[in-house]
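Topology and contacts: notes
If you want the building blocks of each chain, they are given just below.
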Amino acid sequence: MLLKKRYKHFGRFKEVVNTLARHGFGFIIDQLGLSELVLPSLRGRKKVTDKTEKISLAKRLRLVLEELGPTAVKLGQVLSTRADLLPKDIIAELAKLQDDVPPFPFEQVKEQVEKELGQPLEYLFARFEPKPLAAASIGQVHYARLSSGMEVVVKVQRPGVEEVIRTDLDILRDVARLAQKHTSWGELYNFVEIAEEFARTIKEEMDYYAEGRNAEIFRENFANDHTVHIPSVYWNYTTARILTLEYISGCKLNNAECLEKKHYSRHTIAVNVANAFLRMVLMHGFFHADPHPGNIAVLPDEVIAFMDFGMVGRISEERKEEFINLALGLIGRNSSKIINAILKMGVLSEETDLNSLRLEVERMRERYYNLPFSKISLGAAVQEILDLAYKYRIRIPSEFTLLAKALLTLEGVVQELDPELSIMVLAEPFGRELFRKKYSPGNIGKHLSEVVEDYGEIALALPKRIDHILSKLEEGKLSLKLEHQNIEKALNRADRISNKLTFAIVLLSFSIVMSGLIIGYAIEGDTGGFFLWRLPILEVGFGAASMMFLWLILAILRSGRF
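As a starting point, this report considers the structure included with it. (Residues numbered from 1 in each chain as written. Predicted model: local features only at pLDDT ≥ 70, side-chain atom pairs only at ≥ 80, totals over all residues. Heavy atoms only, no water.)

Some details on the overall build of the protein chain
Each helix and strand counted, the protein chain has 22 helices and eleven strands in total. Of the roughly 32300 Å² of accessible surface on the protein chain, a fraction of 57% belongs to carbon and sulfur atoms. (Helix = DSSP H or I, 4+ residues; strand = E, 2+ residues; numbered from the N terminus. Areas by Shrake-Rupley, 256 points an atom, 1.4 Å probe, with all protein chains shown as cover.)

Rendered as structure tokens:
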């Protein structure tokens, strides 16, 4: 079988194809050219059957991903942030994917910890709870206590998961290449790039060193903020597969009973959560990408503690400015500013209809026009922008889509805590601070110095470049090539016009000469007339003109440009 030779992980590849067939995705299998991998018993079920037709395509896709395991579930979770690539119904269904699997046995946990840290578990920890606090596809978390008495949580990577994910990523890349080449969707989306982007994301999530560094960055960024607490990393008990963090004993945001029992102010909690996230995005450019209630705890005095730093977002100064301009356009109800921000942050496709896009943005602006500032949902507005991006085939960078998803999650958390609180109102002071920072003398001076430095280098190199060009010119080695995309077509058209004009002039001239001869002979007769009529020069000249006329007509007709 040719396919068996072609694919490195044939068994897993076949499993993926048959899972798609079982859920009625035969049309995808056919387009990818993988039909021969389908089991005979499933070939009649490649199309939507009576059983599958009652289930929406979006739900069937979710079921496929759940059945295929951890890599597929992670892929679905990442795709659920890409509202610029997928329709709303699929995004909503993928958002339901839960990274919730049965825990692996404590014997494997013990073996993994001892292998990674190089000592028996009893020497490393004064106490290590066998039952995990939480279990996921990549790893699970256990409560433990160090010999110093410090309470910690130990995140242990699931044994063998690296090999499984590596195999699935290879298959994903193969499928992406096939989809890029053989489907009409490949003309709209760069599947290979999306697959590589996902591979980078999941590899970083599997590296617990990277997650520890993320926690350290957050801790440093909020070092002077007494409303936010980030758990410490215990590096002596951390490797690429083991992560040990300070244990947080506060109330989770999704534990309303605990919050009520502690008499915490829900308004203060909401303000602290929103301000912390806005600071991450607008000030630090480094944000928690999954701020759901289970990842946020409340400590005494309504201090907010963030947990789980595997999924983070990064936003550069340039991207941050684009996002701020988009927010300012929404706040100011400025359609031009909104469109400019969308075009700057996105990649246009050839199918993008800018006029229709402007009309859509104008309608959106009108919907917000009469709303009070405090009633505008920044997350919902950004989501509308992503909906427009999907509709008009504008590819938005993944950091923006990740930010939009996190922003929507955060607004849901804040609204649950305090329905009257507006993130837009809380964002206004940050906007003013950013504006002052952008136009401060120091920042302007910095930009000017960068411009002077850049153009200074060009100016210093210019004399040498001019001298080089002049030397080439003197040596006769400099050639100038001008090329126009439709120049040949334009020249052919001009040639046809000139030939037609020449033909018309020659024909008119010939007619005038013939008319003159006829009239001359008619007036003077055979014996009278001018001296020239009595010489053979006129006859010879007329004969030569006739020959030239016939030659010209023949040349024009042969050229085909008439």
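A few points about the pairing of strand β10 (residues 303–306)
The alternating pattern of β10 places V303 and A305 on one face and I304 and F306 on the opposite face, and all of these are buried. Bridge analysis of strand β9 (residues 296–299) against β10 gives four bridges, and the strand direction is antiparallel. When the bridges of β10 are listed, A297 appears paired with A305. Between the antiparallel neighbours β9 and β10 lie three residues, among them D301 with a positive phi of about 65°. (Buried < 20%, exposed > 50% of the residue type's maximum accessible area, 1.4 Å probe, protein only. Pairing = 2+ DSSP bridges.)

Considerations on the pattern of salt bridges
Tallying each qualifying case throughout the model produces 23 salt bridges. Three or more residues are tied together by salt bridges with common partners; here these are R62, E66, E93 and K96. (Salt bridge = Lys/Arg side-chain N within 4 Å of Asp/Glu carboxyl O.)

What to know about the state of the cysteines
On inspection of all chains with the given rule, the structure shows one disulfide. There is a disulfide in this structure between C251 and C258, and the S-S distance comes to 1.8 Å. Disulfide C251 to C258: torsion about the S-S bond roughly -50°, handedness left-handed. In this pair, the class of C251 matches that of C258, namely buried. (Disulfide = S-S within 2.5 Å.)

Thoughts on the environment of D308
Tracing the sequence through the fold places D308 in the loop between β10 and β11 (312–314). In this structure the C-alpha to C-alpha distance between D308 and H288, which are 20 residues apart in sequence, comes to 8.7 Å. In this structure D308 touches K155, E211, H288 and N295, once residues within four positions along its chain are discounted. Separated by 3.4 Å, the side chain of D308 and the backbone nitrogen of G310 make a polar contact. (Contact = heavy atoms within 4.5 Å. Polar contact = N/O pair within 3.5 Å; in protein donor to acceptor, adjacent residues only side chain to side chain.)

Comments concerning the environment of Q180
Summarising the element assignment, Q180 is placed in helix α9 (residues 161–182). Residue class for Q180 comes out partly exposed when judged on its relative accessible area of 26%. In this structure, the C-alpha to C-alpha distance between Q180 and F191, residues eleven residues apart in sequence, is 5.8 Å. Residues contacting Q180, with those up to four places away along its chain left out, are G186, Y189, N190, F191 and V192.

Regarding the pairing of strand β6 (residues 242–246)
The buried fraction of β6 amounts to five of the five residues, a majority that puts the element mostly inside the structure. Bridging between strand β4 (residues 151–157) and β6 involves five bridges; their strand directions are antiparallel. Across the sheet, residue V156 finds its bridge partner in β6, namely I242.

Overview of the packing of aromatic side chains
Taken as a whole and assessed by the stated rule, the structure comprises nine aromatic pairs. Look at F218 and F309: their rings are 5.6 Å apart centre to centre, the planes differ by 40°, and that puts the pair in the tilted class. With a gap of 91 residues between them, F218 in helix α11 (residues 208–221) and F309 in the loop between β10 and β11 connect regions that are remote in the sequence. Residue classification places F309 among the buried residues on the basis of a relative accessible area of 1%. Taking 6.1 Å as the distance between ring centres and 70° as the angle between the ring planes, the aromatic pair formed by F277 and F287 counts as edge-to-face. With F277 in helix α13 (residues 266–284) and F287 in strand β8 (residues 286–288), this residue pair connects regions lying ten residues apart in the sequence. Side by side, F277 and F287 carry an identical accessibility label, which is buried. (Phe/Tyr/Trp six-rings, centres within 6.5 Å; stacked < 30°, edge-to-face > 60°.)

Section: α11
Counted at 1.5 Å a residue, the expected span for α11 with its 14 residues is 20 Å, and the 20 Å between its end C-alpha atoms agrees. Within α11, burial applies to Y208, A210, E211, G212, N214, A215 and F218. Between the side-chain oxygen of the N-cap and the backbone nitrogen of Y209 there are 3.0 Å, and the N-cap of α11 in question is D207. (Expected span 1.5 Å × (residues − 1).)

Here we look at empty space enclosed by the protein
Within this structure, the stated rule accounts for one cavity of 30 Å³ or more. Lining the largest cavity, in full, are F323, L326, M345, V382, I385, L386, I396 and F400. Counting residues per element, the ones that place at least two in the lining of the largest cavity are α14 (317–331) and α17 (378–391). For the lining of the largest cavity, the leading source of residues is α17, giving three residues. Looking at side-chain class alone, the lining of the largest cavity contains eight nonpolar, no polar and no charged residues. (1 Å grid on protein atoms, 1.4 Å probe; cavity = no way out; pocket = protein on both sides within 12 Å on 5 of 7 lines; lining within 4 Å. Points joined across faces, edges and corners; volume = space filled by probe spheres on them. Nonpolar A, V, L, I, M, F, W, Y, C, P; charged D, E, K, R; others polar.)

A look at unusual backbone geometry
Residue D301 is not a glycine yet carries a positive backbone phi of 65°. Along the chain, D301 falls in the loop between β9 and β10.

Some thoughts on the sheet that holds strand β7 (residues 251–252)
The pairing of strands in a sheet comes from backbone hydrogen bonds and takes either a parallel or an antiparallel form. The mixed open sheet is built from four strands, whose spatial order is β5-β10-β9-β7. Every other strand in the sheet has two partners, leaving β5 (228–229) and β7 as the edge strands with one partner each. Pairing between β7 and β9: two bridges, direction antiparallel. Across the sheet, residue C251 finds its bridge partner in β9, namely V298. α13 rests against β5, β9 and β10 of the sheet, and its axis sits at about 50° to β10. (Axes fitted to C-alpha atoms, helices over the stretch in contact; angles between N-to-C directions.)

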